[in-house]
Amino acid sequence: AVCGDERVYLLLAFPFGMGLHIFRDLNWYTIEKAAVFWLPLFALALLRAWREGGRWRWVPGLVFVAMSWMNLYMGMLAGFLAAAAWLWLLAESLWRKERTLALRRISHAGAVCLLLICPLLVWQWAIMQGGPQLGTPERFLWERAALDGFSLVPLAWNRLEVHRSLNLIGVGLAVLGVVGCWSDRRVRFALLTGVMAALISVGPILLPGPVENPVYMIIREVVPGFWRVAKPEVFFHITWMLML
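Quantities reported herein were computed from a predicted structural model and do not represent experimental measurements.

In this structure the tally under the stated criterion is twelve aromatic pairs. Their ring planes at 20 degrees and their centres at 5.6 Å tell us that Trp69 and Trp123 sit as a pair that is stacked. Here Trp69 is found in helix α4 (residues 59-70), whereas its partner Trp123 is found in helix α6 (residues 100-130), with 54 residues between them in sequence. The interplanar angle of 65 degrees and the centroid separation of 4.9 Å between the aromatic rings of Trp157 and Phe236 together place this pair among those described as edge-to-face. With a gap of 79 residues between them, Trp157 in strand β2 (residues 156-157) and Phe236 in helix α12 (residues 236-243) connect regions that are remote in the sequence. For the residue pair Trp157 and Phe236, the accessibility class agrees, reading buried in each case. The ring of Trp227 carries the charged tip of Arg228 above its face, separated from the ring centre by 5.6 Å.

In structure tokens form, the structure reads like this:
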């Protein structure tokens, strides 16, 4: 949908869908971790809603509910991606009046997502209130989130070296794409959104020492329920998809 050449998108979709990171700790009881297809599917639906409107404004909501039901982490990533697209179009509409139509389309798609996800959120909230507590916010932060992030030193994605977890040819092509196509709005959106997702994926510890990650800590304080995030490394799926 973005590049228009099936040879290119099939080649670059392969390292996303079949990356070693996905198989890093995959077991029969965590099989939903392999369902990373939901993220590009949601991105495709969002892109169609952005460009075409019409019936496509309802599709992201349907995908959003299905992916959230299967894996709440995937739903969280979709919400982040939709919010980033909405904020980008809002900023553009302040000085490009022709972009207001796309902003209305994305706003409609986002409203549908929120409406359809409400029953699942209410159910999850009831479970959290009535069921046994899995741990305090501090334990989730330092005993889980701090251990399952994208590590900068050493450079690793969920304890798997970057040169193993990422296809280096894809990384190189992403760098060339940013350098050669910087004037393209889509490239700037992908870079900004990907960098923000990567900062979140690092988790609460930015560097050994430890040096706390201010971006992660601010989001943890501002976003309700974010303290339950035990695997911030999932946010790097957004970065990796946008790079490719």
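On we go.
A word on the nonpolar core. Side chains that are nonpolar tend, in soluble globular proteins, to be buried together. Grouped together as the largest cluster of nonpolar side chains are 48 residues, with contacts concentrated most on Phe42, Phe235 and Ile238. Where this core is concerned, the elements lending two or more residues are α3 (38-52), α4, α5 (72-93), α6, α7 (137-145), α10 (185-201), α11 (214-222) and α12. No other element matches the ten residues that α5 contributes to this core. What Phe42 contacts, discounting residues up to four positions off in sequence, is Pro60, Val63, Phe64, Met67, Ala78, Leu81, Ala82 and Cys113.

Criteria and cut-off values
Residues numbered from 1 in each chain as written. Predicted model: local features only at pLDDT ≥ 70, side-chain atom pairs only at ≥ 80, totals over all residues. Heavy atoms only, no water. Phe/Tyr/Trp six-rings, centres within 6.5 Å; stacked < 30°, edge-to-face > 60°. Helix = DSSP H or I, 4+ residues; strand = E, 2+ residues; numbered from the N terminus. Buried < 20%, exposed > 50% of the residue type's maximum accessible area, 1.4 Å probe, protein only. Lys NZ or Arg CZ within 6 Å of the ring centre and 35° of its normal. Core = buried A, V, L, I, M, F, W, Y, C linked by side-chain atoms within 4.5 Å. Contact = heavy atoms within 4.5 Å.

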